[in-house]
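# Architecture at a glance
Letter by letter, the chains look like this.
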Amino acid sequence: MNKFQLIFHNIFRFLWNAIFVISYPVMATFGLLFVGLTYVFSALSRFLANLRPEKETTVPKKTDWEELPNTQGLLEAKVHKQIMFGPTCFQIRRKDGVPSVLEEYYFGGKIKFIEEGLLLEKWNTTDPKSLPDFDVCLYDPDSDRLTSLAHMKCFDWHLSERNDNQLLFKWFDGTQGGEVNVAL
């Protein structure tokens, strides 16, 4: 370093240290005040909560089953297994209590509603090493029938087109994509 850079470096270092020395007590005091005020308000809140009369609290019993939206109260689902860093599979049953073919299988989270029924991902396995391995199925709620339409080996799929009795599914597994044409 030349002499000018050395002088500038020393002045800058002196100013930086001065700012730190002056501002450190202010920051430390603010931190202590913040923690202290949080503690005081917490204690005050606990004290005031104890002053109110005791009420009997009844916790409603919540079931794990939740109604599926857009099914007009027909189907409900429950989480069966959450794959770490991956998808979730569900158990699905009819909400009206009628035994159904759906109770024998596990399904993915994609549900597509079409005129003939519901398109579901019926998982063939829940073993994380074997996933993705599922069938896209059509569920007809009136006859309680589950019809397998196409076998998929990726989770990125969608219903692309629909022409009369033809469904066109497009899929992409990260490296390659494709189409599957299915007749209803």
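First, a word on what this report is: a plain description of the structure on this page. (Residues numbered from 1 in each chain as written. Predicted model: local features only at pLDDT ≥ 70, side-chain atom pairs only at ≥ 80, totals over all residues. Heavy atoms only, no water.)

### With respect to the sheet that holds strand 8 (residues 157–163)
Here three strands make up an open sheet; going across it, the order is 8-9-10 and the pairing antiparallel. Two strands bound the open sheet, and with one partner strand each, they are strand 8 and strand 10 (177–183). Taking each pair of neighbouring strands and ignoring which way they run, the sheet shows an average axis angle of 20°. (Pairing = 2+ DSSP bridges. Helix = DSSP H or I, 4+ residues; strand = E, 2+ residues; numbered from the N terminus. Axes fitted to C-alpha atoms, helices over the stretch in contact; angles between N-to-C directions.)

### With respect to the nonpolar core
The nonpolar side chains of soluble globular proteins are, as a tendency, buried together. Core analysis: the largest hydrophobic core is formed by 17 residues, its most contacted members being L119, V136, L149, L167 and F169. Broken down by secondary-structure element, the contributors of at least two residues to this core are strand 5 (117–123), strand 6 (134–140), strand 7 (145–152), strand 8 and strand 9 (166–172). For L167, the contacting residues outside a window of four places in its chain are I114, L119, L149, L159, E161, R162, V180, N181, V182 and L184. (Core = buried A, V, L, I, M, F, W, Y, C linked by side-chain atoms within 4.5 Å. Buried < 20%, exposed > 50% of the residue type's maximum accessible area, 1.4 Å probe, protein only. Contact = heavy atoms within 4.5 Å.)

### Section: the packing of aromatic side chains
Evaluated as defined, the whole model comprises four aromatic pairs. Between F30 and F34, the ring centres sit 6.5 Å apart and the planes meet at 25°, which makes this aromatic pair stacked. Linking F30 with F34, this pair stays in helix 1 (residues 3–51), spanning four residues, or about one helical turn. We note R93 situated over the ring of W65; from NZ or CZ to the ring centre the distance is 3.9 Å. (Phe/Tyr/Trp six-rings, centres within 6.5 Å; stacked < 30°, edge-to-face > 60°. Lys NZ or Arg CZ within 6 Å of the ring centre and 35° of its normal.)

### Here's the deal with the pairing of strand 6
Extensive coverage of strand 6 is indicated by the burial of seven of its seven residues. Where burial is concerned, the two faces of strand 6 agree: the one with F134, V136, L138 and D140 and the one with D135, C137 and Y139 are both buried. By the bridge criterion, six bridges tie strand 5 to strand 6 in an arrangement that is antiparallel. The partner of L120 across the bridge, within strand 6, is C137. Between strand 6 and strand 7, which pair antiparallel in sequence order, lie four residues; one of them, D144, sits at a positive phi of approximately 50°.

### Let's talk about unusual backbone geometry
Glycine aside, negative phi is the norm for most residues, and most peptide bonds take the trans geometry. For D144, which is not a glycine, the phi torsion comes out positive at approximately 50°. Mapped onto the elements of the fold, D144 is located in the loop between strand 6 and strand 7. The partly exposed category is assigned to D144, whose relative accessible area is 23%. A positive phi is found at D164, a non-glycine position, where the angle reads about 50°. Structurally, the position occupied by D164 is in the loop between strand 8 and strand 9. According to the relative accessible area criterion, D164 is exposed, its value standing at 72%.

### Structural notes on the pairing of strand 2 (residues 75–82)
Each regular strand displays side chains that alternate between the two surfaces of the sheet. Relative to strand 2, strand 1 (residues 66–67) runs antiparallel, the two being bridged by two bridges. By the bridge assignment for strand 2, E67 is matched with E76. Judged from the seven bridges that link them, strand 2 and strand 3 (residues 88–94) form a sheet pairing that is antiparallel. What sits directly across from E76, in strand 3, is R93. Connecting strand 2 to the antiparallel partner strand 3 that follows it, the hairpin turn spans five residues, and F85 within it adopts a positive phi of roughly 60°.

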